[in-house]
Amino acid sequence: MSAPLIVLVGPMGVGKSTVGELLAGRLGTTYRDTDADVVATAGKPIAEIFYDEGEERFRELERAAVRDAVAGHTGVLSLGGGAVLDETTRTLLAGHAVVYLSMDVDEAVKRVGLNTARPLLAVNPRRQWRELMEARRHLYTDVARAVVATDERTPQEVAQAVLEALELPDAPSSGRENATMTDQGPTRIQIAGSAGTDPYEVVIGRQLLGELPSFIGDRVKRVAVLHPEALAETGEAVRQDLADQGYEAIAIQLPNAEEAKTVEVAAYCWKALGQTGFTRTDVIVGVGGGATTDVAGFVAATWLRGVRWIAVPTTVLAMVDAAVGGKTGINTAEGKNLVGAFHPPAGVLCDLAALDSLPVNDYVSGMAEIIKAGFIADPLILDLVEADPEGARSPAGPHTAELIERAIRVKAEVVSSDLKESGLREILNYGHTLAHAIEKNERYKWRHGAAVSVGMVFAAELGRLAGRLDDATADRHRAVLESVGLPLTYRGDQWPKLLENMKVDKKSRGDLLRFIVLDGLGKPTVLEGPDPAVLLAAYGEVSA
């Protein structure tokens, strides 16, 4: 009889999904999450199961999901935080390679904030967290072959500790083959809720339109599909499909790219929603690139003080960056994304088939955000790009799915810990301070990824000149970015304008400029108020 290679147990927010995916990649196998199985079976989020049907019903679904997974899954498996409460489940786990990922309450505060709208932490979360752990800790320990503490460890360090605890070697081939996702169905990545927001799921695969109704739900009456002019046929096809399923579906066409991110376009959307009687129980669907999902999320955040929305990103940039994390916004004459809101989607559908017809320059632009994820958190991304730069430039490349998935996982881990950019999330802005200044200077005619590429080279040189980054890693920026066709330089005479633009960047504090730099590969940090001479010298290294 088949059995999982590793079973991960532990409390909510401990990082089982992230570590499980890392382990699966290291071992060359597949990952499965019983919480995702329960959601798929019930057709609604776990919180709704609790509220609609009660905890007992959820535990029944969970018990069945664990039974099926333990019997049929041969890779890495993670269980929901309360799965070990069930005696049948504990008996089922006997003899398996179970690892308990532990976390103390202080670490829990940092990761989930303990103010999250979670089913079992609804009133006094700090006290209830302690009570939950007192009730469950011995159960986790009893079923586990090994205990791995996650406090003050990165997911990569936790994954390594699990391998060492079970004395398992890495697979000879790093990462999973691109075919895994196709063979095993879509990949599902869980984004934890925080600051009172609900958790949600990012689904990566092909032919995912059938997943949309499960995100929308059967209690919704109206759906507004926002799409750019360039995707008029796609937007209408989505609208028609939803109408055929009984929803009152309308389509709202937006201008293409950054031209959509204006208050005038947002007002046009508000008017359309008002005229169709859009209520708080209705849903917005954003189909398109990063600009479209930014606008769709912003309109959803502001209409009736917040309605649910779903992102259907159609570009690399939107899949790995704009559609994940809940940052929504529009531009003003003073800068990019200065008006916006943190409003996470109810779900994200990344259909890789949408990339097949993407112009090569747009595809390559999105690679900048993937490469950024490699430098700040997942160096294997860089290895994959360097192994086949030409393949990395194309959706037909051998590592396309893995590169996109890994980049999304990096962002998922960060935003699950810091929704509102109060700390850790700032690392996602690596290269973006100069990039946003360039975009404004070019009146948003430059592709975002092209500007981020130049911004990362600048940040690398700034880190090197500040004595933070070694020469080899700084030079690697140029090599990797250039290998896929991204720019490395910008006009040297524009520095005074760029400096002024950077002073209104969202990361600035008063007149104090702040930059994300690297202390080493995968070690992002903040550099505050660097010497103007150092800034100028760093810009000299990217001046054309």
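To be clear, the structure that these remarks concern was listed above.
Note that the structure is predicted; figures quoted are calculated from it, not measured.

Trainee: Mind showing me how you'd approach the sheet that holds strand β6 (residues 187-191) here?
Mentor: Across a sheet, paired strands are connected by hydrogen bonds in the backbone, their directions being either parallel or antiparallel. Spatially, β6-β7-β14-β11-β10-β8-β9 is the arrangement adopted by the seven strands of the open sheet, whose pairing is mixed. Looking at the sheet topology across the chains shown, the edges are occupied by β6 and β9 (248-254). The mean angle between the axes of side-by-side strands here comes to 15°, regardless of whether they run parallel or antiparallel. Inspection of the sheet shows strand β11 (residues 308-313) paired to strand β14 (residues 347-351) by two bridges, in the parallel sense. Bridge assignment links I310 to a residue of β14, and that residue is G347. Seen against the sheet, helix α11 (residues 232-244) touches β8 (222-228), β9 and β10 (283-288) and runs at an angle of roughly 170° to β8. Each of β8, β9 and β10 touches helix α12 (residues 263-275); the most contacted strand, β9, lies at about 160° to it.

Trainee: Can you help me understand the pairing of strand β16 (residues 524-528) in this one?
Mentor: It is a general feature of regular strands that their side chains alternate between the two faces of the sheet. Where strand β15 (residues 514-518) meets β16, five bridges bridge the pair, whose relative direction is antiparallel. When the bridges of β16 are listed, L518 appears paired with P524.

Trainee: Any chance you could explain helix α3 (residues 46-53) here in plain terms?
Mentor: Every α-helix carries 3.6 residues per turn, so stepping three or four residues along brings you back to the same face. Regarding α3, the residues found buried are I46, A47, I49 and F50. Angularly, the buried residues of α3 cover 165° about the axis, an arc narrow enough to put them on a single face. Looking at the buried positions of α3, the neighbouring elements they touch are α2 (34-42) and α4 (55-72). One or two positions beyond α3, positive phi appears at G54, with a value near 95°.

Trainee: How should the nonpolar core be read in this particular structure?
Mentor: Soluble globular proteins tend to bury their nonpolar side chains together. Residues V202, I284, I370, I371, I408, Y430 and F458 are the most contacted members of the largest nonpolar core, which totals 98 residues. Once residues lying within four places of it in the same chain are set aside, the contact partners of V202 are T187, R188, I189, I191, V324, V348, C350 and I408. V14, L23, V162 and L166 belong to the second-largest nonpolar core, a separate cluster that totals 22 residues.

Trainee: I'm lost on the packing of helix α15 (residues 360-376) against helix α20 (residues 448-465) in this one. Help?
Mentor: The axes of two packed helices give the description: the angle between them and the distance between them. Their axes nearest at 6 Å, the elements α15 and α20 cross at an angle of 40°. The angle between α15 and α20 falls in the class oblique. Here α15 and α20 pass one another in a crossing that is left-handed. On the side of α15, the interface is formed by S365, A368, E369 and K372, while α20 contributes H448, G449, A450, V452, S453 and M456.

About the criteria used
Residues numbered from 1 in each chain as written. Predicted model: local features only at pLDDT ≥ 70, side-chain atom pairs only at ≥ 80, totals over all residues. Heavy atoms only, no water. Pairing = 2+ DSSP bridges. Helix = DSSP H or I, 4+ residues; strand = E, 2+ residues; numbered from the N terminus. Axes fitted to C-alpha atoms, helices over the stretch in contact; angles between N-to-C directions. Contact = heavy atoms within 4.5 Å. Buried < 20%, exposed > 50% of the residue type's maximum accessible area, 1.4 Å probe, protein only. Arc of directions from axis to C-beta. Core = buried A, V, L, I, M, F, W, Y, C linked by side-chain atoms within 4.5 Å. Parallel < 35°, antiparallel > 145°, perpendicular 65-115°, else oblique. Left-handed = near helix turned anticlockwise from the far one by under 90°.

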